[in-house]
Structures are given as C-alpha cells and as structure tokens.
Amino acid sequence: MITIPRYTLVENGAINKIPELLEKLNLKNPLVITGKSTQKYNKLGYDYIYYQEVEYERFGKLNDENRKYIKESFGDYDCILGIGGGKSIDVAKYASSITKKPFISVPTTASNDGIASPIVSLSVPSFMAEPPIAVVGDIDIIKKSPKKLLASGAGDIVSNITAVLDWKLAHIENNEKYSESSAIFSKTIAEELIEYINNSKNKDNLKEYPKKIVKALIASGMAIAIAHSSRPASGSEHLFSHSLDKLKKEGNIDNKSLHGEQCGIGTLIFSKAYVEEGRLDNKEYHEILKSLKIVKSPVNIFELGYDEDVAIEALCNAHKLRKRYTILRNGFDKKKAIDILEKSQII
Ligand SMILES: NC(=O)C1=CN([C@@H]2O[C@H](COP(=O)(O)OP(=O)(O)OC[C@H]3O[C@@H](n4cnc5c(N)ncnc54)[C@H](O)[C@@H]3O)[C@@H](O)[C@H]2O)C=CC1
Ligand SMILES: O=C(CO)COP(=O)(O)O
Ligand SMILES: [Zn+2]
C-alpha cells in the first residue's frame, strides 16, 4: 500500500492553519520537536523539546531500550509536530513511528526531501517509517530561511537524475526490481526544477524558487513513498554524501556542509561518470552544473570546505556505505576516483 500525506499546505501563512488542521484530524495535544533556531516558529506555544536533547544518536539504533525511552518521553501526546530543518523533521518522524502517533511535518526551510518522505535517515542505511499525515510549508517562513539551506534543496533534487540512472543500471546489470513510472516521476521533478532555475533570468529571477523547491522536495518524498524505497532519490551521489558524513564524524572534522550540498557535488561527479560511459548526454551534466551555480550551491570540494584528499577518500569508500548497486559497481580505485573528480572539476 502506498501512503502519502493526507493534507499538503504550501502557501504564505500556512503555519497559522495548524489549529484548523489539528481539528480536522481530531488531534488535540501535540508535542513539537524543533531546533533552537526554529522554536520561534512554534507560534502557538505547544509543548516542545529540542531535537538535540532527544539523545539524537540513540535514535539511529533500533533496540528495545531505545524504543522504551522514546515511548516514555513521548507517551502523553496524541501527535508529533516536527518544526524545522531536516534533523527536527527526521527525529520527529522517527519518534512518531515508534510511538505510532501521527506526525505532521512543518519545514521551516527547504533543504532536503525528508519533508514528506517515509524515510528516516538517522543512520546509514536509512529505513522506512510512516510519511507525515500532513505537511505544512509556510512560504513566508521558508523564503526567509538561510540561502545556504534553500540552495541545498536543489542539490537533493538534482540527485534524482543520477539516482534514477543508478536504479536503471541496477536493473540492467544486477537484475534489480525497477519501477519505470516511479523513475519517470522522480526524474521529471529534477528536470523541471533545473529548467525553472536555468531559465529564471528570463522569467522571474528566482522569485518563485522557495515555492518551487518546497514542492519539488515534497514530490520527491512522494516518489520515495511510491517506490517504497529511497531508490528514486538516492543513488551513488548519496553514497558519496554518506561517505563524506562518515569521514566528518570519524575525523572530527568541523565542517557545516549540508546533506543537499554534498549530494549536489555527488550528482556532478556521477553525472560526469555517466557521460563517460555514454549513458548521459554531456548537455545534461552542464544543465545540472548551471542550475547549482545559479542557486549558489557548491560545485567543487573547496566550495564545500574540504581539501581534495577528503574528496578522493570519500569517493573511494562510497560503495561500502550500503548494499546498493550503482555506477560505483565494486568501487572506484584511487586512480579512477581522481580521474572523475578532475573531469567533473570537483578537485
Ligand atoms: N528522511 C529523509 O528522507 C532525509 C533526512 N535527512 C536528514 O536531514 C538532516 C539534514 O537536514 P538539513 O536541513 O540539511 O540540516 P539541519 O536539520 O541540521 O538544519 C541546519 C540548521 O538550519 C536551521 N534552520 C532550519 N530552518 C531555519 C530557518 N527558517 N531559519 C534559521 N535556521 C533554520 C536548523 O535548526 C539547523 O540549525 C540529515 O542529518 C538527515 O538526518 C536528509 C535527507 C533526507
Ligand atoms: O536523502 C535521501 C533522499 O534524498 C534518503 O536517502 P538515503 O536512503 O540514502 O538516506
Ligand atoms: Zn537526500
């Protein structure tokens, strides 16, 4: 069965409609999970906790002790609202899946497609939970969020191009189950966003970008729900991002690069790899590059704040991050990694 949000509000002032929405859903006692810079958007003063204080790390491990802890912490409320960026939303979604309470997603920015997806990405590999029962995207708030966050949303959307290529490749070379309709849906979301961004100078100079990116991210989450897997939105480019996250964590690297920014870089690397294999037109690689430049998302490893050794190591380890067949196949050795990083001008 495919479950997608029952209500999706994407408009100016949407956050003021939360009471009305709760009433429609017959919910009365919400608990908000939010971040320190987004608590101000809990305008109705619902009880709240910061995602940072919910022992974030424990959530990645699904054992009985953690389930008990979550149930005890969230037991008295009849629904959970995630208000904030990707982390607030992920923690809220996870808590909702453990407590079986409905989850309402209230993104205050548009940085990744966890907004409406059934995926929880607190660990690698990610796992399936329930999607939000409703999404409340207040454009007044989202358009004022930091540009870096809004730009990273584009990186998470262009990812769909390489993710779908990887999915098809896995079908051809590894006999994996593949859904053409899901793939077309996911790819179209990315192509339409790229087209809008790249023509924005002639159209509205990105005035509509906040609304477009939120809608694209919600749709991408729905593509994941339809496929019942993150396959349509996560391929080799996400493996690169997960690999970078691992290096950051293990090496205690203090760098605030965002998920979507890292995935944007990954998309440039692997779209170039697909061009090299003759499976993608070079024009498409350039369209992706152009769109990331226009929204000012990083297009090389230095703009992302790392040196080239980090890029090489992340790329050489990427295939080990999860069991998912991609153009990485059995992994890139150092020579191949450097070659493609140079060709895609990441280093
Ligand atoms: N479930 C899924 O399918 C996915 C989940 N994720 C999750 O998302 C996380 C990354 O999310 P991001 O949003 O990139 O980072 P984040 O959640 O760490 O947010 C970055 C910062 O921006 C702040 N922020 C959010 N809205 C703001 C606003 N309007 N004004 C000022 N500050 C604001 C946040 O409070 C936070 O301090 C990953 O760690 C992963 O757990 C990422 C991709 C997909
Ligand atoms: O980030 C995601 C989709 O954009 C989720 O993908 P993962 O399954 O790789 O965590
Ligand atoms: Zn992503």
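About the thresholds
- Residues numbered from 1 in each chain as written.
- Chains lettered and ligands numbered in written order.
- Predicted model: local features only at pLDDT ≥ 70, side-chain atom pairs only at ≥ 80, totals over all residues.
- Near = placed C-beta within 6 Å.
- Helix = DSSP H or I, 4+ residues; strand = E, 2+ residues; numbered from the N terminus.
- UniProt positions renumbered as here; feature names shortened; annotations may be inferred.
- Buried ≥ 20, exposed ≤ 12 C-beta atoms within 10 Å, placed from the backbone.
- Contact = placed C-beta atoms within 7 Å.
- Nonpolar A, V, L, I, M, F, W, Y, C, P; charged D, E, K, R; others polar.
- Core = buried A, V, L, I, M, F, W, Y, C linked by C-beta atoms within 7 Å.
- Expected span 1.5 Å × (residues − 1).
- Arc of directions from axis to C-beta.

**Q** Go over the site of ligand 1 with me, naming the residues and quoting the values.
**A** Every one of the 27 residues lining ligand 1 counts as a neighbour, but Gly35, Gly85, Gly86, Gly114 and Ser145 are closest to it. Listed by contribution, the elements that provide at least two residues to the shell around ligand 1 are helix 3 (86–99), strand 6 (119–120), helix 5 (147–174) and helix 9 (259–276). Among the elements that line the shell around ligand 1, the one with the most residues is helix 3, at 3 residues.

**Q** An account of the UniProt feature "binding site: NAD(+)" (unreviewed entry) in the protein chain is needed here, citing residue identities and associated values.
**A** Mapped onto this numbering, the UniProt entry gives "binding site: NAD(+)" (unreviewed entry) at Gly86, Lys87, Ser88, Ile89, Asp90, Thr108, Thr109, Ala110, Ser111 and Ser117. Judged by the 21 C-beta atoms lying within 10 Å of it, lysine 87 is buried. For lysine 87, the residues in contact, after removing those within four places along its chain, are Gly35 and Tyr51.

**Q** Describe in detail the site of ligand 2, supporting the description with residues and values.
**A** Taken together, Asn112, Asp113, Ile119, Ser121, Ser126, Asp156, Ser230, Ala233, Ser234 and His238 make up all the residues around ligand 2. Across the shell around ligand 2, the residue classes break down as 2 nonpolar, 6 polar and 2 charged.

**Q** Provide a residue-level description of the nonpolar core, including the pertinent values.
**A** One finds Ile33, Ala154, Leu193, Ile213, Ile269 and Leu315 to be the most contacted residues of the largest nonpolar core, which totals 94 residues. Each residue touching isoleucine 269, except ones within four places of it in the same chain, is listed here: Phe240, Leu315, Ile340, Leu341, Ser344 and Ile346.

**Q** Lay out helix 7 (residues 209–227) in plain terms, naming residues and giving numbers.
**A** Since there are 3.6 residues in each turn of an α-helix, residues three or four apart along the chain are aligned in direction. End to end, helix 7 covers 27 Å across 19 residues, agreeing with the expected 27 Å (1.5 Å per residue, within 8%). Counting buried positions along helix 7 yields 16 of 19 residues, so the element is predominantly enclosed. Within two residues after helix 7, histidine 228 carries a phi angle of roughly 55°, on the positive side.

**Q** Please give an account of helix 6 (residues 180–198) that cites residues and values.
**A** Under the 1.5 Å per step criterion, the end-to-end length of helix 6 is 26 Å for 19 residues, consistent within 8% with the ideal 27 Å. Among the residues of helix 6, Ser182, Ala183, Ser186, Ile189, Ala190, Leu193, Ile194 and Ile197 are the ones counted as buried. Angularly, the buried residues of helix 6 cover 130° about the axis, an arc narrow enough to put them on a single face. Residues of helix 6 that are exposed and point over 90 degrees away from its buried face: Glu180, Ser181 and Glu195. Buried residues in helix 6 make contact with helix 5, helix 7 and helix 10 (282–295).

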